[in-house]
Amino acid sequence: QVQLVESGGGLVQPGGSLRLSCAASGSIFSIVAMGWYRQAPGKQRELVATITNGGRTNYADSAKGRFTISRDGAKTTVYLEMNSLKPEDTAVYYCNARALTAQGMGIMYEYDYWGQGTQVTVSS
């Protein structure tokens, strides 16, 4: 199993910056990718950014040019650097880890682990 602990959320003014962190523990060697998702009131959860163990990144159009996702050398912590924040960025941000689990007969399963979420509020 993988456990995820998030930190760094809070209140920031429009145009400001914020850095989110997510620390993974447990069966960390099974993780193949990590990412950040967010959910605003009345809206569905949406992808913000992902990063694979090989360093390939993927960003939502709304995040390109403003947000940067990264991982440490041990690949146990993922970060989200958010710049030029807008009120529409206000949401609960969730850390995600995708892992591979081996079943009998050599069958592999993908499983997504989620953090508890951290609130980001952008307001004057």
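Just so we're clear, the structure is a prediction, and the values are computed from it rather than from any experiment. (Residues numbered from 1 in each chain as written. Predicted model: local features only at pLDDT ≥ 70, side-chain atom pairs only at ≥ 80, totals over all residues. Heavy atoms only, no water.)

> So what exactly am I meant to see when it comes to the nonpolar core here?
If you look at soluble globular proteins, the nonpolar side chains tend to sit buried side by side. Judged by nonpolar contacts, the single largest core of 30 residues is most densely connected at L4, M34, W36, L80, M82 and Y93. Elements with a minimum of two residues in this core: strand 1 (2-7), strand 3 (18-26), strand 4 (31-39), strand 5 (46-52), strand 7 (67-71), strand 8 (77-82), strand 9 (91-102) and strand 11 (118-122). Here this core takes 5 residues from strand 9, the largest share from any one element. (Core = buried A, V, L, I, M, F, W, Y, C linked by side-chain atoms within 4.5 Å. Buried < 20%, exposed > 50% of the residue type's maximum accessible area, 1.4 Å probe, protein only. Helix = DSSP H or I, 4+ residues; strand = E, 2+ residues; numbered from the N terminus.)

> Looking at this model, I keep getting lost on the side chain of R38. Mind explaining?
Tracing the backbone shows R38 in strand 4. Take R38: its relative accessible area is 7%, and that puts it in the buried class. Only 2.7 Å separates the side chain of R38 from the side chain of E46, close enough to count as a polar contact. (Polar contact = N/O pair within 3.5 Å; in protein donor to acceptor, adjacent residues only side chain to side chain.)

> What am I meant to see in the packing of aromatic side chains here?
A ring pair, where both rings are aromatic, is described by two values, the distance of the centres and the angle of the planes. Overall, the coordinates contain 2 aromatic pairs when judged by the stated rule. Between Y37 and W114, the aromatic rings sit 5.2 Å apart at their centres with planes inclined by 70°, giving edge-to-face as the arrangement. Residue Y37 is located in strand 4, and its partner W114 is located in strand 10 (residues 108-114); the two are separated by 77 residues in the primary sequence. For W114, a relative accessible area of 35% translates into the label partly exposed. Measuring from ring centre to ring centre gives 4.8 Å for Y111 and Y113, while their planes differ by 65°; the resulting arrangement is edge-to-face. The ring of Y79 has R19 lying over it, and the distance from NZ or CZ to the ring centre is 4.2 Å. Positioned above the aromatic ring of W114, the side-chain terminus of R45 is 4.5 Å from the ring centre. (Phe/Tyr/Trp six-rings, centres within 6.5 Å; stacked < 30°, edge-to-face > 60°. Lys NZ or Arg CZ within 6 Å of the ring centre and 35° of its normal.)

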